[in-house]
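Residue strings, one per chain:
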Amino acid sequence: MFDIVYFLRYNHITFKTMDEKRCFRVKTYTLITGATGGLGKAFAVECAARGRHLILSDISKENLEQLAGGLSRAYGVDVKIYPCNLMEQSERLALFEFL
């Protein structure tokens, strides 16, 4: 478990956004693939419980929307979704471009 927590803690994505006062705010996101089931879902819940903002990816858009809404309401974190099939090279590249 410690190796997984280390991975989740130190492998993240950072976005800069400008707020209404024209100040840059930085949000750090954790990317979780296969997020709607098994270990992916467990990681998503654990990261959200720790206050991490999330980018969730899986094949099913409906399941992603349901999970994202639940995590956002329960833990107050920002959750972005990107439905895709990572078995397809074109979809892996599209996810990379999204990030």
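This text gives an overview of the structure that appears in the document.

Definitions and limits used
Residues numbered from 1 in each chain as written. Predicted model: local features only at pLDDT ≥ 70, side-chain atom pairs only at ≥ 80, totals over all residues. Heavy atoms only, no water. Salt bridge = Lys/Arg side-chain N within 4 Å of Asp/Glu carboxyl O. Buried < 20%, exposed > 50% of the residue type's maximum accessible area, 1.4 Å probe, protein only. Core = buried A, V, L, I, M, F, W, Y, C linked by side-chain atoms within 4.5 Å. Helix = DSSP H or I, 4+ residues; strand = E, 2+ residues; numbered from the N terminus. Contact = heavy atoms within 4.5 Å. Phe/Tyr/Trp six-rings, centres within 6.5 Å; stacked < 30°, edge-to-face > 60°. Axes fitted to C-alpha atoms, helices over the stretch in contact; angles between N-to-C directions. Parallel < 35°, antiparallel > 145°, perpendicular 65-115°, else oblique. Left-handed = near helix turned anticlockwise from the far one by under 90°. Nonpolar A, V, L, I, M, F, W, Y, C, P; charged D, E, K, R; others polar.

In this section: the pattern of salt bridges. Per the stated rule, a full pass over the model turns up two salt bridges. In this structure, the salt-bridge partner of arginine 50 is glutamate 46, at a minimum N-O distance of 2.8 Å. A relative accessible area of 51% places arginine 50 in the exposed class. Measuring nitrogen to oxygen at the nearest pair gives 3.9 Å for the salt bridge that ties lysine 80 to aspartate 78. Lysine 80 sits in the partly exposed class, given a relative accessible area of 30%.

Let us look at the nonpolar core. Ranked by internal contacts, the top residues of the largest apolar core, which has 13 residues, are Ile32, Ala44, Leu54, Leu56, Leu71 and Val79. Elements that contribute at least two residues to this core include exactly α2 (38–49), β3 (53–58) and α3 (61–75). The element best represented in this core is α3, accounting for four residues. Beyond its immediate sequence surroundings of up to four residues, leucine 71 is in contact with Ala44, Val45, Ala48, Leu54, Leu56, Gly76, Val77 and Val79.

The next point concerns the environment of methionine 87. In this fold, methionine 87 is placed in the loop between β4 (79–83) and α4 (89–98). Taking the C-alpha atoms as reference, methionine 87 lies 10.0 Å from isoleucine 59; in sequence the two are 28 residues apart.

Next up on the list: the packing of aromatic side chains. According to the stated counting rule, one finds one aromatic pair in the structure shown. Taking 4.8 Å as the distance between ring centres and 35° as the angle between the ring planes, the aromatic pair formed by tyrosine 82 and phenylalanine 98 counts as tilted. One end of the pair, tyrosine 82, is in strand β4; the other, phenylalanine 98, is in helix α4, with 16 residues separating them in the sequence.

What follows concerns the packing of α2 against α3. If you want to describe how two helices pack, look at the angle between their axes and the distance between the axes. The N-to-C vectors of α2 and α3 enclose an angle of 25°; their axes lie 9 Å apart at closest approach. Accordingly, the angle class assigned to the pair α2 and α3 is roughly parallel. As for the relative orientation of α2 and α3, their crossing is right-handed in sense. Between α2, through Lys41, Ala44, Val45, Ala48 and Ala49, and α3, the contact on the second element is made entirely by Leu67, Leu71 and Tyr75. Counted by class, the contact of α2 with α3 contains seven nonpolar, no polar and one charged residues.

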